[in-house]
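Working through the structure, step by step
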Amino acid sequence: MNVQAEFVSERDSVTHSDWWRGAVIYQIYPRSFADSNGDGIGDLPGITAKLDYVASLGVDAIWLSPFFTSPMKDFGYDVSDYLAVDPIFGTLDDFDALVERAHALGLKVVIDQVYCHTSDQHDWFSESRSDRSNPKADWYVWADAKPDGSPPSNWQSVFGGPAWEWDSRRGQYYLHNFLSGQPDLNLHNPAVQDALLEVAKFWLDRGVDGFRLDAINFAMHDTSLRDNPPAADDGKKRTRPFDFQQHIYNQSHPDIPQFLARLRALMDRYDARFTVAEIGGPDTEREMKAFTAGDGLLNTAYGFTFLCADALDPSVVRSAFENWPSEPGEPWPSWAFSNHDAPRHVSRWLMNCDQAKVARLTLMLLVSLRGNAFLYQGEELGLPQADVPFDRLRDPEALVNWPQIIGRDGARTPMPWNEKLVHGGFSPVEPWLPVDPRHAALAVDAQIDDPSSILAFARRMVALRKRHPALRTGTMKFIHTPRLVLAFEREQDGERLLCVFNLSDEACEWAPPLDGAEWTIIEATEVASTEIPVFLPPTASYIARR
């Protein structure tokens, strides 16, 4: 599959310091991408071997989920050594080889950085918990029990239960917003910030082009440890104690941007580096802007607007963009429809429609939106959410909350490379998560030479975005449409593009006002002509130019 060469020259024009603005970034979940040594777990050499394929998609960069040393209680998001590669993924030499190959193919490399917490097996935590007077005693969030022995506050963990764990060594509680094996760092301590900036420098010196900051709005806490107020009763079913509170005091601290400014100052010492924040919660838009405002903080951020959406309709898209006007100086957003934390969107949206048609429709929508586009591995193949039986679940959140939530394992199953090989060609042995039989028919080798495949369409969409600056960085203006139709214009440097989507399983009647000029369709799904149709079939979409 050495089909990448023609794409490298196209990227040469996007190597300036703003290469990331409007970029398409391909997320790789290392455990599930490619197994090079036959142990059932993906690894860095496996990724390197498949970079030609990734480059053939035409994307600008790859984002690697954590590959650092970890006990894997949360599959790498519990880091026990920030400066080392976990042996299941390879070595630092393997990482260096990956970066070298990616750069040779014109791909930038973005890696995860987990600054909110570490593993409880990190050396920092081992020292911090040993007593109350050691040099790292204040590197984590410790607090005394209340007089009755109960936790210091009512804060709840994302994964269920109190966010406080008793430690008999210190005779105190420590904070963990996620698993009890993920103690929260105390980023109010300048020494902790200094240590994390040294971690960032280590990877920047190895040639990485940027960082994705995991759950960064959990990075600081209210030092007074005030109780969170209860959440308003919105009538929705709650499956976790976490959902019963407004998270005012255990996250979203106003001092977080001060740390991000320090990180940005470090990044600016290197050429053309990039930062993107992951921000969850009900106050996403405000925090995205607070963390990306001006030129001294992060480049961009993404929330869970689409990742948590059970349905896709025009109102969802419009509401996502109502706080992101196309104005000079406005912070730059990023968007993802699927990733390792959310069920694959072709199984969540338009469930009465053919999933292949939904995959094409949403690929066109993703590349048409103003902002960066994150493409999750397998999204370009149209993979549905995998069925993972209970006895094969590995996700700690799913195991705690089963069967009320389906968890994250179904989005993390191995990438299918070969339709005929065992386990989809991912590994010769039983992989860490099972390969869904439906994925084999959608394997890379089954699609790569088929010009009518979803994979071929994905490549066309990425190339289309690259050819048209209006799609990559232009303004965005919504057009009034019937309830089921989404339409907007993208414009830059005199180029105007009309993007239209029937986000339903019903045919709709609508055509844009001509305003004295004709539109010509340049790409479409479920529309055969280059002329603007009056009737839009279900899941139809098109991009037209005038």
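Cut-offs used in this document
- Residues numbered from 1 in each chain as written.
- Predicted model: local features only at pLDDT ≥ 70, side-chain atom pairs only at ≥ 80, totals over all residues.
- Heavy atoms only, no water.
- Helix = DSSP H or I, 4+ residues; strand = E, 2+ residues; numbered from the N terminus.
- Rg over C-alpha atoms; globule rule 2.2 N^0.38 Å.
- Buried < 20%, exposed > 50% of the residue type's maximum accessible area, 1.4 Å probe, protein only.
- Contact = heavy atoms within 4.5 Å.
- Expected span 1.5 Å × (residues − 1).
- Patch = residues over 30% accessible without salt bridge, like charges linked within 9 Å, V, L, I, M, F, W, Y side chains within 5 Å.
- Areas by Shrake-Rupley, 256 points an atom, 1.4 Å probe, with all protein chains shown as cover.
- Salt bridge = Lys/Arg side-chain N within 4 Å of Asp/Glu carboxyl O.
- Lys, Arg positive; Asp, Glu negative; His and termini not counted.
- Charge placed at Lys NZ, Arg CZ, Asp CG, Glu CD.
- Phe/Tyr/Trp six-rings, centres within 6.5 Å; stacked < 30°, edge-to-face > 60°.
- Pairing = 2+ DSSP bridges.
- Disulfide = S-S within 2.5 Å.
- Axes fitted to C-alpha atoms, helices over the stretch in contact; angles between N-to-C directions.
- Parallel < 35°, antiparallel > 145°, perpendicular 65-115°, else oblique.
- Left-handed = near helix turned anticlockwise from the far one by under 90°.
- Nonpolar A, V, L, I, M, F, W, Y, C, P; charged D, E, K, R; others polar.
- pLDDT = per-residue confidence, 0-100.
- Polar contact = N/O pair within 3.5 Å; in protein donor to acceptor, adjacent residues only side chain to side chain.

Our next topic: the overall build of the chain. When helices and strands are counted, the chain shows 15 helices and 20 strands. On C-alpha atoms alone, the chain measures out to a radius of gyration of 23 Å, which is about the 24 Å that the 2.2 N^0.38 rule sets for 546 residues. Overall size of the chain, expressed as C-alpha extent along the three principal axes, is 75 × 50 × 50 Å. Looking at the chain as a whole, 60% of its 546 residues qualify as buried. Sequence separation of at least 24 residues holds for 69% of the intrachain contacts in the chain that already meet a minimum separation of 6.

The next thing to look at is unusual backbone geometry. Of note in this structure, Ser-252 is not a glycine but carries a positive phi near 60°. When you line up the elements, Ser-252 lands in the loop between β9 (210-213) and α7 (256-267). Located in the positive-phi region is Thr-539, a residue other than glycine, with phi close to 60°. Relative to the assigned elements, Thr-539 resides in the loop between β19 (535-536) and β20 (541-545).

Looking now at helix α14 (residues 454-467). Between its terminal C-alpha atoms α14 stretches 20 Å, which fits the 20 Å expected from 14 residues at 1.5 Å a residue. Across the 14 residues that make up α14, a large majority, 12, are buried.

A surface patch of negative charge is lined by Glu-419, Asp-445, Asp-449 and Asp-450. Here Asp-450 shows up in the loop between α13 (444-447) and α14. A residue is classified by how much of its surface remains accessible, and Asp-450, at 31% relative accessible area, is partly exposed.

We now examine the packing of aromatic side chains. Enumeration according to the criterion identifies 36 aromatic pairs in this entry. Summarising the aromatic geometry, the rings of Phe-75 and Trp-432 are spaced 5.2 Å apart at their centres and angled 50° between planes, so their arrangement reads as tilted. One end of the pair, Phe-75, is in the loop between β3 (68-69) and β4 (81-85); the other, Trp-432, is in the loop between α11 (396-401) and α12 (437-440), with 357 residues separating them in the sequence. Residue Trp-432 is classed as buried on the basis of its relative accessible area of 7%. Consider the rings of Phe-95 and Trp-203, whose centres lie 5.1 Å apart with planes at 80°: the pair is edge-to-face.

Strand-to-strand pairing in sheets goes through backbone hydrogen bonds, with the strands running parallel or antiparallel. On the basis of which strands lie adjacent, the open sheet formed by three strands has the order β6-β8-β7 and antiparallel pairing. In the strand order of this sheet, the two ends are held by β6 (142-143) and β7 (164-167), each with one partner. As judged from the two bridges shared by β6 and strand β8 (residues 172-175), these two strands associate in the antiparallel manner. Looking at the pairing, Trp-142 lines up with Tyr-174 of β8.

What follows deals with the pattern of salt bridges. By the definition in use, this model includes 32 salt bridges. As a salt-bridge pair, Arg-212 and Asp-214 come within 2.9 Å of each other at their nearest N and O atoms. For the pair shown, Arg-212 and Asp-214 are each scored as buried. Among the ionic pairs, Asp-234 bridges to Arg-238, the shortest N-O distance being 3.8 Å. Counted as one network, the salt bridges with shared partners bring together Asp-74, Arg-240, Asp-243, Asp-341, Asp-395, Glu-397, Arg-408 and Arg-412.

What follows is about the state of the cysteines. In a disulfide, the sulfur atoms of two cysteines are held together by a covalent bond. Tallied over the full model, the rule gives zero disulfides. Of the cysteine sulfurs around Cys-308, a residue in no disulfide, the closest is that of Cys-116, at 17 Å. Its relative accessible area of 52% is what places Cys-308 among the exposed residues. Cys-508 provides the cysteine sulfur closest to Cys-353, a residue in no disulfide bond, and the two sulfurs are 11 Å apart. Residue Cys-353 is classed as buried on the basis of its relative accessible area of 12%.

A few words on the packing of helix α10 (residues 355-368) against α14. For the pair α10 and α14, the least separation of the axes is 9 Å and the interaxial angle reads 15°. Considering the angle they form, α10 stands roughly parallel to α14. At the point where α10 passes α14, the crossing takes the right-handed sense. Facing α10, whose interface residues are Ala-356, Ala-359, Arg-360, Leu-363, Met-364, Leu-366, Val-367 and Ser-368, α14 presents Ile-454, Phe-457, Ala-458, Met-461, Val-462 and Arg-465. Classifying every residue of the contact of α10 with α14 gives 11 nonpolar, one polar and two charged.

We now examine the confidence of the model for the chain. The predicted model of the chain averages 94 in pLDDT, with 97% of residues at 70 or higher. The model gives residues 1-15 a pLDDT under 50, and that stretch makes 31 contacts with residues more than four places away or in other chains.

By the secondary structure assignment, Ile-216 is in the loop between β9 and α7. Through-space distance from the C-alpha of Ile-216 to that of Trp-324 is 21 Å; in sequence the pair is 108 residues apart. The residues contacting Ile-216, other than those within four sequence positions of it, are Tyr-115, Cys-116, Ile-256, Leu-260, Ala-277, Glu-278, Ile-279 and Phe-291.

Moving on to the sheet that holds strand β15 (residues 485-492). The antiparallel open sheet is built from five strands, whose spatial order is β14-β15-β16-β20-β18. At either end of the open sheet lies a strand with only one pairing partner, and these are β14 (475-478) and β18 (520-525). Each neighbouring strand pair of the sheet contributes to a mean axis angle of 20°, computed without reference to strand direction. In this structure, β14 lies alongside β15, joined through four bridges in antiparallel fashion.

Summarising the element assignment, Ser-334 is placed in strand β12 (residues 332-336). Only 3.4 Å separates the side chain of Ser-334 from the side chain of Asn-372, close enough to count as a polar contact.

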